[in-house]
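So the chains spell out like this:
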Amino acid sequence: MTAATPHGAPGTAADRPDTAMDSRAPDGHAEPWRDPRLPVAERVADLLQRMTVEEKAAQLGGYWARPAEPGAPVAPMEDDSGEPAPELDEVAKAGLGQLSRVYGTAPVTPAEGMARLRELQGTVTRANRFGLPAMVHEECLTGFMTWGATVFPTPLAWGASFDPELVEEMASTIGEGMRAAGVHQGLAPVLDVIRDYRWGRCEECIGEDPYLVGLVGSAYVRGLERSGVITTLKHFAGYASARGGRNLAPATLGPRELADVVVEPFVMALREGGARAVMPAYQDIDGVPASADRRLLTGLLREELGFTGLVVSDYYAISFLESRHRVAGSRAEAAAEALRAGLDVELPTVRCYGGPLAEAVRSGLVTEDELDRAATRVLTAKAELGLLDGTGEPAPGAEPDLDSARGRDLARRLAERSIVLLANNGTLPLRPGARVALTGPVADDPLAMLGCYTFPLHVGSQHPDVPMGVRIPSLAEALTEELAGDLRVTAGSDLFATDDADIEAAVEAARDAEVCVLALGDRAGLFGRGTSGEGCDTDTLDLPGRQVELARAVLDTGTPTVLVLLTGRPYALGGLADRAAAVVQAFFAGQEGAPAIAAVLSGRAEPGGRLPTGVPRSPAIATGTHLRTPLEAAHEWTPVDPTPMFPFGHGLTWTTFGYGDLSVTPSAGTDGQVTVTADVTNTGAVAGTEVVQLYLSDPVASVVRPERWLAGWARVPLAPGESARVTFTVHADRTSFTGPSLRRVVEPGEIGVAVGRSSTDLPLRGSFTLEGPVRVLGRNRVLTVPVEVTRL
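Quick caveat, the model's predicted, so the values are computed rather than measured.

A. Seen up close, the overall build of the protein. Across its full length, the protein carries 20 helices and 27 strands. Taking 2.2 N^0.38 as the reference for a compact globule, 792 residues should give roughly 28 Å; the C-alpha atoms of the protein span a radius of gyration of 27 Å, in line with that estimate. Structurally, the protein occupies a C-alpha span of about 85 × 70 × 50 Å along its principal axes. Put simply, the protein has 792 residues, and 63% of those count as buried. Put simply, 80% of the contacts in the protein that link residues at least 6 apart link residues at least 24 apart.

Here it is, written out as structure tokens:
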């Protein structure tokens, strides 16, 4: 990693105008930027006009305070220049925009991290003549990614929960710990809509439906922002649409798919959540890298969507314009392209901004006005965080409890609510006293509960002598405690190298049991060091290693077998699920995941999740989410059938539900709204929760539309025999799409309505008609469908 020393920066305070010693204006009043009583815009304008080009450029750079040892995978790619990292006091002479991952690069206790942050902020404030501290950012996708902090379920589990309120509570808890530790910005949530299950980062995504991603993602944003931490929406835009599901590969996207599928969650998170930062994606769309795409970062994000916050680079993304995309010939050219496009901050450490950017301004590659634009945004964020008024150090007092009983309870509730029961012939819940065999390569592996962006895997794996910092039981430990009966555990040695002896041992264990629980799954990692995670893409959706062979051998015993899948993506289950007694899907359920799964297997807890993606039947069907157009679905002109084995929205419980009494407002104007009501009844013998789902369809439109799309849902807990009425208020805007002219429109005509328990199990169907002219929508269109549940 390298950083350039600011060129032309004055050497001593005596050589510089407006030094820290000159803290008062000629009229005897304090410099306006120092006065917290003044509006932020006035303070920032005053401070900016006192800065040199080098000082403005310095505010746009980051510094990685604890660079990793060579080969340690703590970032997407290490800087490949081979140059040594400079010292902080040298980098910070002209100022500094951000400190990167003080807590999240090596194992430190909260006390050690806070002490180190105070030291670093002291260095920064002493080095620059205005005494400005840096903003501090950390990863927080599954919790504050530092040693000893609660590890929550991965985002794919958030999507499976269909519970935005619980996700918001989780995010608020995460943010409280970060803010107490002196962190200002979190690099989450990921709002990429899954388009190809082979992509390694599926685990970081919320799901394959833009409305689910947008609503759940907005809830995360509200929770983190409410705690005082800036959220960073990732990755804008099209990262998950990479060709072949390969990390960093170009995205093949037309403008309509980009607008209606890819960008829509970002629109929601900006308006409904209030996110204050956005991170561009690594890849290019039609030959233009996102980090240098002015149409994307300025034309769409700022001018069309009205975003006024910070755009911060993904790690080394500006350097990649030179080294990987090859659209720039030098660091200065890369800096100029990114700045012109609208990218404000370089992370994780300054290489192209700072000195090279100052050179670009002086040589005319970019204008000083463009530099001022980005510096104004950075200083505005610092002013709003209070960093123009203090040191930026963590608040004095006791160190925060980052793994509190409250946090663990929340992690357990979210894990339980995210577990999806895909199939069950009555074997689950497990019968008390039954002889149960637990086997499989992840049966006794606590790391099988964790995603790539968790501290134990992302960083802790490089420190094998350091304990994980939080208690993470394995499924074997949790199920032993849960059943308190005759449980025999036979765990395979490793999912990457399951050998004949492991398969034979599993078969023997199954034969000796009344029920076999077979735990299959992934190991999250970075850049090929796992089967799921960043840089861990796959070319097949068969379970990794020899797990399919293992599963077939166990199923061949004839012992009723429960497949428990601990994965970061959906895997093809054709030939397995249809032979199993039950199938349970858990998407990296976090540190409380194993107790949650054990409670579901025993029946003490309800499987509360619904699929946020489909589950394919064939390992060759890697794409084809539920937003299929008629010709993407199965038809007679091709033998390839993309129909999933289990559809989006699917999930069973311990009871059954009946639907009835659909009522739909017959018509409305193209600027009006309709109501859709449906009754749901618990027709079983035990209490349970149904996720009532509303889908819309457009039988005739001016462009090809999906066969149906998710328009709303409600989680409805019901006692046996109890009924409830669910009312959806659907504005005409929720039928809108990008029309032939590439403007978002509402068209008159019939709109289909379907209500039920999944995207394919929809017992109630109707329609309404939109009347009036075609309406072109603006920035303030209605984005959500309010839902009301009334007990009957």
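B. Layout of the sheet that holds strand β21 (residues 723–731). The sheet built from four strands is open, its strands ordered β16-β18-β21-β27 with antiparallel pairing. For this open sheet the edge positions go to β16 (657–664) and β27 (787–791), each flanked by a neighbour on one side alone. On average, adjacent strands in this sheet sit at an angle of 20° to one another, irrespective of strand direction. Relative to β21, strand β18 (residues 673–682) is paired through nine bridges, and the arrangement is antiparallel. Paired with V680 across the strands is A724, a residue of β21.

C. Structural context of helix α8 (residues 255–262). Taken together, the buried positions of α8 are occupied by L258, D260, V261 and V262. Each element contacted by the buried residues of α8 is listed here: α7 (210–226), α9 (264–273), β7 (284–285), β22 (737–738) and β23 (744–746).

D. Looking closely at the sheet that holds strand β12 (residues 487–491). Spatial ordering of the open sheet is given by β10-β15-β14-β13-β11-β12, a layout of six strands whose pairing is mixed. Each end of this open sheet is capped by a strand with a single partner; those strands are β10 (420–424) and β12. The sheet shows a mean angle of 15° between the axes of neighbouring strands, direction not considered. Where strand β11 (residues 436–440) meets β12, five bridges bridge the pair, whose relative direction is parallel. For L438, the partnering residue across the bridge sits in β12 and is V489. Its contacts with the sheet put helix α18 (residues 500–511) on β11, β12 and β13 (515–521), and the angle it makes with β12 is roughly 165°.

E. Region of the structure containing the packing of aromatic side chains. Scanning the entire structure with this criterion turns up 11 aromatic pairs. With 5.4 Å between their ring centres and 65° between their planes, W64 and Y315 make a pair best called edge-to-face. With a gap of 251 residues between them, W64 in strand β1 (residues 62–64) and Y315 in the loop between β9 (310–311) and α11 (317–323) connect regions that are remote in the sequence. Accessibility expressed as a relative area gives 2% for W64, which makes it buried. With relative accessibility at 2%, the residue Y315 sits in the buried group.

F. Expanded view of the packing of α8 against α9. At a minimum axis distance of 5 Å, the contact between α8 and α9 shows a crossing angle of 40°. As the angle between them shows, α8 and α9 are arranged oblique. Judged by residue contacts, A259, D260, V261 and V262 of α8 engage E264, P265 and F266 from α9. Of the residues contributing to the contact of α8 with α9, the split by class is five nonpolar, no polar and two charged.

G. Region of interest: the nonpolar core. Core analysis: the largest hydrophobic core is formed by 259 residues, its most contacted members being L99, Y220, F236, Y353, L357 and L601. Not counting residues up to four positions away in its chain, the partners in contact with L601 are L428, P429, L430, L479, V517, V562, V564 and V584.

H. Expanded view of the packing of α18 against helix α19 (residues 547–555). Two elements in contact, α18 and α19, have axes whose closest approach is 9 Å; the angle formed by their N-to-C orientations is 30°. In this view, α18 runs roughly parallel relative to α19, as classed from their interaxial angle. Judged by the sense of rotation from one axis to the other, the crossing of α18 with α19 is right-handed. Residues I503, A506, V507 and A510 of α18 lie in contact with α19, whose contacting residues are E549, L550, A553 and V554.

I. Broad picture of the pattern of salt bridges. For the coordinates displayed, the defined rule picks out 46 salt bridges. Each member of the salt-bridge network shares a partner with another, and the members are E31, R34, D46 and R50.

J. Inspection of the environment of A336 at higher detail. Looking at the secondary structure, you find A336 in helix α12 (residues 331–341). Residue classification places A336 among the buried positions, given a relative accessible area of 1%. For the pair formed by A336 and R294, sequence separation is 42 residues and the distance between their alpha carbons is 12 Å.

K. A look at the state of the cysteines. Enumeration over the complete set of coordinates arrives at zero disulfides. Free of any disulfide, C140 has its nearest neighbouring cysteine sulfur in C452, separated by 15 Å. C536 carries a free sulfur, and the closest cysteine sulfur to it, the one in C452, is 6.6 Å from it. Owing to a relative accessible area of 2%, C536 belongs among the buried residues under this scheme.

L. Geometry of unusual backbone geometry. That bond from K234 to H235 is cis: its omega, -5°, falls within 30 degrees of zero. Considering the arrangement of structural elements, one finds H235 in strand β5 (residues 230–236). For the bond from F236 to A237, the omega torsion is 0°, close enough to zero to count as cis. Within the fold, A237 resides in the loop between β5 and α8. Phi at R326 is positive, roughly 60°, even though this residue is not glycine. In this fold, R326 is placed in the loop between α11 and α12.

What counts and what doesn't
Residues numbered from 1 in each chain as written. Predicted model: local features only at pLDDT ≥ 70, side-chain atom pairs only at ≥ 80, totals over all residues. Heavy atoms only, no water. Helix = DSSP H or I, 4+ residues; strand = E, 2+ residues; numbered from the N terminus. Rg over C-alpha atoms; globule rule 2.2 N^0.38 Å. Buried < 20%, exposed > 50% of the residue type's maximum accessible area, 1.4 Å probe, protein only. Contact = heavy atoms within 4.5 Å. Pairing = 2+ DSSP bridges. Axes fitted to C-alpha atoms, helices over the stretch in contact; angles between N-to-C directions. Phe/Tyr/Trp six-rings, centres within 6.5 Å; stacked < 30°, edge-to-face > 60°. Parallel < 35°, antiparallel > 145°, perpendicular 65-115°, else oblique. Nonpolar A, V, L, I, M, F, W, Y, C, P; charged D, E, K, R; others polar. Core = buried A, V, L, I, M, F, W, Y, C linked by side-chain atoms within 4.5 Å. Left-handed = near helix turned anticlockwise from the far one by under 90°. Salt bridge = Lys/Arg side-chain N within 4 Å of Asp/Glu carboxyl O. Disulfide = S-S within 2.5 Å.

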